[in-house]
Amino acid sequence: MLTLVEPLYFVYVKVVRASHLPVNQATGTCNPYVEVKSGNYKATTKYIQGTLAPIWNQVFAFNKDRLQAKNIEISVRGKVSVTNEIIGSIEVGIGDIPTRLQGDSSMAPQWYGLEDKNGVSGRSGNLMLAIWVGNQVDDAFSLAWHLDAASDLVVSDPNRKPEVYVKATLGNKVLKTKVSKNKGVNPSWNEELMFVVAEPFEDALILSVEDDKGDNMGVVEGPMEKFSSKLRVTIYLDGVYHVFDEPALFSTDLKASSPKLTPGKVGDLELVIAIGVFDNNNLQAGEGWATDRLIGKVIRIRLSTLEFGRIYKYAYPLVALMPDGVKKMGELHFTLRFIYTKGSGDKIYQYTQPMLPKPAYTNPMSVYQIDSLRNQAVRHIAMRLARAEPPLRREVVESMLSGRGPVWSIRRGKANFQRVMECLKFFKTALIWLDDLRQWKNSRTTIVMFAVFSVFVYYSEIIIPSFFAFLFLKALRNYFKRPRDILCLDTNLSQVESVNTLDWQEELDTFPSSAPFEDLRLRYDRLRAIGYRIEETVGDLATQLERFHAMFSWRDRRATLIFTLFCLVAWMVFYLVPFRLLFFLFGTYLMRSPRFRVTLPPIPQNVFRRLPSRDDCLL
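Note that the structure is a prediction, hence the values are computed from the model and not measured. (Residues numbered from 1 in each chain as written. Predicted model: local features only at pLDDT ≥ 70, side-chain atom pairs only at ≥ 80, totals over all residues. Heavy atoms only, no water.)

A separate point is the pattern of salt bridges. Under the defined criterion, the tally for this structure stands at 15 salt bridges. Between E35 and R77 there is a salt bridge, with its nearest N and O atoms 3.6 Å apart. Placement of E35 in strand 2 (residues 32–38) and of R77 in strand 5 (residues 71–78) is noted, with a sequence separation of 42 residues between them. Considered together, E35 and R77 belong to a single accessibility category, that of buried residues. Between K167 and E210 there is a salt bridge whose closest N-O contact spans 3.2 Å. (Salt bridge = Lys/Arg side-chain N within 4 Å of Asp/Glu carboxyl O. Helix = DSSP H or I, 4+ residues; strand = E, 2+ residues; numbered from the N terminus. Buried < 20%, exposed > 50% of the residue type's maximum accessible area, 1.4 Å probe, protein only.)

See the structure below:
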């Protein structure tokens, strides 16, 4: 049960519907709406066009302590002119309104006869209402339109339409919505702003409505307790997502943020997984600004690569990046063992489960939201650990969480390219082997493989089973070559030997840069050269894709005509000729002897290269 610290009482008026409203004699129609008024407080429902039995289902609320009048006037008006004449009205005394407390049943609406101008009830139709006194716990509180707040924003310049956005501030983090598409004093956004918070909640959430090109909005005129506008928001604390505090590739914890959603444990690990050694430059320096220098960092150890119950004993080298290269700073000796506490069948079951909580897949966040939340999480962790004793500085936390920031590294670029080439080595080897077969470098091997190809064509149903059998045998063969040790730092993969001193200085530079102007110009010119090659590659890819689309666009009428006729012929051939025969003829043509080959480009390539692209339209 919710206990209110300071209960406030409100008069709730729920306008449900009306019936048997009279028709306006001048216009022959009725566009009714309801006006609720008590003293200086007034609000209206939306108007319903062309009906004598409108339905509103709107709730209004008065702060009972602020009411000066003794009655509430409820009028049904017709939106037909500037005066909006009264169709009928009723008046309810505030002292006669029943009180509904927490736990009481909902107040049922009743029909009230509307009084006309002469005070006669029933001639102007009926209005269904529910009126009661309740507090903040009432179900209607969050849905009600509070009459002590105006519906429009107060603008400093009434001659221009404001371009309004909402700014949310939590601590030192500021988020903004887009400028509302509704250029006026009743803007709407329907956007979601997400912050990372952690208990204890120390910062206050501040929302402000501002004008993008004018003075700030929401200016209060008069006493501060009177609102000048109303902002409708939904604020909630969500713990069903996982907030990354380190890159997803290295994340060691993927459960939801709420402790209630924590899954059961699968085992026990007898070690700290990530260990870093730093040189504290501020221990004896008092309140100095010297940064803590990284001595070395142990590579992360994935639990899935460990054998259950096996004891690992290692002496890991502590390696750090310095301006003059990579240096070994010592060794770290440790022992670890991973014990799986669940059954054998549950090991396979764990692999089939999603890594992140369910909302991360049903309502996924964008890449920009994930990156923003991760930066907030790192900042929160750094702020909390900075107040520990002894304190951990921000550079230590960011280093442990791999928070490199927007720093360019030509060494890491080369390393990532090398990783891609290592993964594609199998396909490269297969293409070279296939080209050797086509060139008949070893006639005996070519003849044998052509015979195998002919068998596969004749018995086409064994192609897919043979493929999976090949994968099975390859995996079984690699079992005897499986790695026995934990992955360690690889200096060859890291490309530490292929960079010079200038590259190290660039990688370890601060952001923003603190390097001299000449070094910055040199780096910029090199980035321009690298960017040019990337630009040319992307441009060539775009040209090829646009040529593919041009085959259907008839921009080059002759090329598209050739392609269309080719599709017609191919349609007939593939329909009339068995696929096995076509596949066999294609393989025979592909494996033909070099003496029957022509070194000129094939006809499809000649046609494709003549297709137009939008490259000619670029300035």
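Another point: a nonpolar patch on the surface. A cluster of nonpolar side chains, F417, V420, M421, L424, F426, F427, I463, I464, F467, F468, F470 and L471, forms an exposed patch at the surface whose accessible area comes to about 1200 Å². Contributions of two or more residues to the nonpolar patch are made by helix 5 (410–423), helix 6 (425–438) and helix 8 (463–479). Counting residues per element, the nonpolar patch draws most heavily on helix 8, which supplies 6 residues. Here F468 is to be found in helix 8. (Patch = residues over 30% accessible without salt bridge, like charges linked within 9 Å, V, L, I, M, F, W, Y side chains within 5 Å. Areas by Shrake-Rupley, 256 points an atom, 1.4 Å probe, with all protein chains shown as cover.)

Let us look at the environment of L581. Of note, L581 is situated in helix 12 (residues 579–590). Sequence separation between L581 and Y458 is 123 residues, and the spatial gap between their C-alpha atoms is 9.0 Å.

Further remarks concern the nonpolar core. Most often, soluble globular proteins have nonpolar side chains that are buried together. Core analysis: the biggest nonpolar cluster contains 27 residues, and V15, I72, I74 and L127 have the highest contact counts within it. Going through the elements one at a time, strand 1 (10–19), strand 2, strand 4 (55–63), strand 5, strand 6 (86–93) and strand 8 (121–134) are the ones with two or more residues in this core. Excluding anything up to four places from it in sequence, V15 contacts V34, V36, W56, N57, Q58, F60, L127, M128 and L129. Among the nonpolar cores identified, the runner-up in size contains 9 residues, and I301, L306, F334 and L336 belong to it. (Core = buried A, V, L, I, M, F, W, Y, C linked by side-chain atoms within 4.5 Å. Contact = heavy atoms within 4.5 Å.)

Attention now goes to the pairing of strand 3 (residues 41–44). As paired elements, strand 2 and strand 3 share 4 bridges and run antiparallel to each other. Bridging from a neighbouring strand, S38 pairs with Y41 of strand 3. Between the antiparallel neighbours strand 2 and strand 3 lie 2 residues, among them G39 with a positive phi of about 65°. (Pairing = 2+ DSSP bridges.)

What follows is about the packing of aromatic side chains. All chains considered together, the criterion is met by 16 aromatic pairs. Where F10 meets Y12, the ring centres are 6.2 Å apart and the plane angle is 45°; that geometry is what we call tilted. Comparing F10 with Y12 shows no difference in burial state: the two are buried. Seen in terms of ring centroids, F453 and F583 are 5.5 Å apart; in terms of plane orientation they differ by 50°. Their pairing is tilted. Linking F453 in helix 7 (residues 443–458) with F583 in helix 12, this pair joins segments that are 130 residues apart in sequence. Here the aromatic cluster, defined as three or more aromatic residues joined through ring pairs, consists of F450, F453, F579, F583 and F584. (Phe/Tyr/Trp six-rings, centres within 6.5 Å; stacked < 30°, edge-to-face > 60°.)

End to end, helix 10 (residues 517–553) covers 51 Å across 37 residues, agreeing with the expected 54 Å (1.5 Å per residue, within 8%). Residues R523, I530, T543, R547, A550 and M551 constitute the buried set of helix 10. Residues of helix 10 that are buried in the fold lie against helix 5, helix 9 (501–507), helix 11 (557–576) and helix 13 (603–609). At the C-terminal side of helix 10, W554 shows a positive phi close to 65°. (Expected span 1.5 Å × (residues − 1).)

With that out of the way, let us pick up the sheet that holds strand 10 (residues 164–170). If you trace the 3 strands from one edge of the open sheet to the other, you get 11-10-12, paired in antiparallel fashion. Edge strands, defined here as strands with exactly one partner in the open sheet, are strand 11 (173–176) and strand 12 (205–211). When the angles between neighbouring strand axes are averaged without regard to direction, this sheet yields 20°. (Axes fitted to C-alpha atoms, helices over the stretch in contact; angles between N-to-C directions.)

With respect to the helices and strands, the residue N31 is situated in the loop between strand 1 and strand 2. Using a relative accessible area of 12% as the deciding quantity, one classes N31 as buried. There is a polar contact of 2.9 Å between the side chain of N31 and the backbone nitrogen of G50. Residues within four places of N31 in sequence aside, it is in contact with Y47, I48, Q49, G50, R77, G78 and K79. (Polar contact = N/O pair within 3.5 Å; in protein donor to acceptor, adjacent residues only side chain to side chain.)

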